Amino acid sequence: MRRNLTYCIYHASKASKVFPVSALSRYRSVNDISKRHKFSLVLPHKTTPVKGIPDHIQKPPYAFTGVVGPKPLDIDIKTEEQIAVMRDTCRLARKILDSAGRHLKVGVTTDEIDEFVHQMCIDNGAYPSPLMYNHFPKSICTSVNNVACHGIPDLRPLEDGDIINVDITIYKNGVHGDVSKTYLIGAVDEKGRQLVEVTEKCLYAGIAQCRPGQKFLAIGTAIRDLAKANGFSVIPAFCGHGIGHEFHTPPDIVHIPLDGCESQHVTMKEGMTFTIEPILSEGTDMIAILEDDGWTALSEDGSRSAQFEHTVLITSGGCEILTISEEELKRERKKKDA
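Residues numbered from 1 in each chain as written. Predicted model: local features only at pLDDT ≥ 70, side-chain atom pairs only at ≥ 80, totals over all residues. Heavy atoms only, no water.

## Some details on the overall build of the protein chain
The condition is simple: Runs of E in the DSSP output that reach at least two residues are strands. Runs of H or I that reach at least four are helices, and both are numbered from the N terminus. Note on contacts: a residue pair qualifies if any of its non-hydrogen atoms lie within 4.5 Å across the two residues. Computed with the Shrake-Rupley method and a 1.4 Å probe, the accessible areas treat only the protein chains shown as cover for residues.
Looking only at helices and strands, the protein chain has eight helices and 17 strands in total. Pairs at least 24 apart in sequence give 74% of the contacts found in the protein chain among residues at least 6 apart. Of the roughly 15,000 Å² of accessible surface on the protein chain, 52% is carried by carbon and sulfur atoms.

Rendered as structure tokens:
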């Protein structure tokens with residue numbers, strides 16, 4: 001495949017130009033399934049050039065080289081001052097996500113959403129964290145239908161019946177804030193709506209486990225159990241992660257129970273900040289990475305997936321969702337005042 005292609009709508013008449021015969025045959029079979037469920041598979045499509053960032057915007061070290069340094073070994077415990085900065089950055093990340101979500105509709109390209117977010121980051125004095133992270137070429141990830149995660153924004157117009165995850169991370173005042181949400185485009189079929197609804201519930205089931213003294217294993221157990229009860233599988237290849245001054249740090253937040261993994265028996269402590277970001281699939285839990293871009297992850301059987309993500313802080317009494325929306329925050333305040 002050409003290197004400037006990422007995922008776009010399946011067209012059998014064109015796919016032979018970009019897909020090997022064996023893969024084309026497999027995707028024709030899967031495409032029949034997608035038609036019955038009223039959604040479109042995605043295949044390679046054109047992208048636009050990398051966008052620049054003004055000099056006055058504070059940048060993480062990898063922004064200059066595309067090279068990410070070694071991952072820290074220890075779980076960072078944040079001070080009150082660091083938590084205050086993270087809270088501000090995370091709320092801005094959520095504000096940008098909500099603004100981007102209001103622009104999603106049939107006919108809009110994911111490249112247009114990327115451009116909107118890129119500019120909104122600059123206007124707010126923030127750096128879009130994905131840009132140049134291990135040479136990632138865009139400011140956000142947009143994953144449509146059978147793309148599980150790390151989809152690269154491109155020129156494919158969104159179609160009626162699509163589901164799309166928009167994943168936004170920003171860097172401001174020396175810290176990162178990470179949040180994502182899956183949106184419905186137009187008239188999504190019942191199975192697709194259920195997938196999105198259950199995925200969001202799984203995120204909150206994982207968050208409900210967060211408190212001092214709890215093992216990280218509890219998060220994956222709660223998510224897997226709820227997904228399985230609703231007939232969906234959890235894609236285990238991608239984890240949540242610690243976050244703060246660095247984009248990705250310990251702990252690894254595994255979204256399935258891995259009892260034999262020592263890190264999952266570590267207990268949570270006040271001052272830890274990390275993301276929970278489960279990906280649920282209506283089919284296989286196996287994914288493949290597009291070789292040409294090294295990022296785009298799609299389901300092996302062409303099934304759809306959905307993802308939701310929050311950055312959370314462990315507090316003395318449980319946890320705080322740092323990337324909570326303004327609407328949700330107002331509801332929480334009303335509950336406390338009642």
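## Considering the sheet that holds strand β12 (residues 279-281)
Strands in a sheet are paired, the pairing made by backbone hydrogen bonds, and the direction either parallel or antiparallel. Put simply, the rule reads: At least two DSSP bridges between two strands are needed for those strands to be called paired.
As summarised here, the arrangement of the three strands in space is β8-β12-β15, forming an open sheet in which the pairing is antiparallel. Unpaired on one side and paired on the other, β8 (233-234) and β15 (305-307) mark the two borders of the sheet. Pairing between β12 and β15: three bridges, direction antiparallel. Looking at the pairing, Ile279 lines up with Gln307 of β15.

## Comments concerning the environment of Glu246
The residue Glu246 is located in the loop between β9 (240-242) and β10 (249-253) in this model. With 75 residues separating them along the chain, Glu246 and Tyr171 place their C-alpha atoms 9.3 Å apart. Once residues lying within four places of it in the same chain are set aside, the contact partners of Glu246 are Pro72 and His176.

## What to know about the packing of helix α6 (residues 190-207) against helix α7 (residues 217-229)
Keep this limit in mind: Interaxial angle, 0 to 180 degrees, is taken between N-to-C directions of lines fitted to C-alpha atoms, where a helix line uses only the stretch in contact. Throughout, the term roughly parallel applies to angles under 35 degrees, roughly antiparallel to angles over 145, roughly perpendicular to angles from 65 to 115, and oblique to all others. Each crossing gets its handedness from the near helix: less than a right angle anticlockwise from the far helix is left-handed, clockwise is right-handed.
Interhelical geometry of α6 versus α7 gives an angle of 150 degrees and a closest axis separation of 8 Å. Put simply, α6 runs roughly antiparallel to α7. With respect to the hand of their crossing, α6 and α7 are arranged in right-handed fashion. Packed against α6, whose contacting residues are Val198, Lys201, Cys202, Ala205 and Gly206, the element α7 presents Ile219, Ala222, Ile223, Leu226 and Ala227 at the interface.

## Comments concerning the side chain of Ser299
Applied cut-off: With a 1.4 Å probe rolled over the protein chains alone, any residue whose accessible area is under 20% of its type maximum counts as buried; one over 50% counts as exposed, and the rest are partly exposed. Pairing of N or O atoms within 3.5 Å defines a polar contact, subject to two protein rules: one partner must be a possible hydrogen donor and the other a possible acceptor, and residues neighboring in sequence count only if both atoms are side-chain atoms.
Structurally, Ser299 can be placed in strand β14 (residues 297-299). Among the residues examined, Ser299 registers a relative accessible area of 2% and is labelled buried. Looking at Ser299, its side chain comes within polar contact range of the main-chain oxygen of Ser303, at 2.7 Å.

## Observations regarding a positive patch on the surface
The condition that has to hold: Candidate patch residues must exceed 30% relative accessible area and have no salt bridge, after which like charges are joined if within 9 Å and Val, Leu, Ile, Met, Phe, Trp or Tyr side chains if within 5 Å. Here a salt bridge means any side-chain nitrogen of Lys or Arg lying within 4 Å of a carboxyl oxygen belonging to Asp or Glu. In this tally, Lys and Arg are treated as positive and Asp and Glu as negative; His is ignored, and so are the chain termini. To locate a charge, take NZ of a lysine, CZ of an arginine, CG of an aspartate or CD of a glutamate.
On the surface, Lys330, Arg333, Lys334 and Lys336 cluster together into a patch of positive charge. Relative to the elements of secondary structure, Lys336 occurs in helix α8 (residues 326-337).

## A few points about the state of the cysteines
Going by this rule: The disulfide definition used here is simple: a pair of cysteine sulfur atoms within 2.5 Å.
In the structure shown here, the tally under the stated rule is zero disulfides. Sulfur of Cys149: no disulfide; nearest cysteine sulfur belongs to Cys141 and is 7.5 Å away.

## A few points about α6
Rules: A helix is expected to span 1.5 Å for every residue after the first.
Spanning 18 residues, α6 covers 26 Å between terminal C-alpha atoms, matching the ideal 26 Å at 1.5 Å per step. Those residues of α6 not exposed but buried are Gly192, Leu195, Val196, Val198, Thr199, Cys202, Leu203, Ala205, Gly206 and Ile207. Backbone nitrogen of Lys191 and a side-chain oxygen of the N-cap are separated by 3.2 Å at the start of α6; the cap is Asp189.

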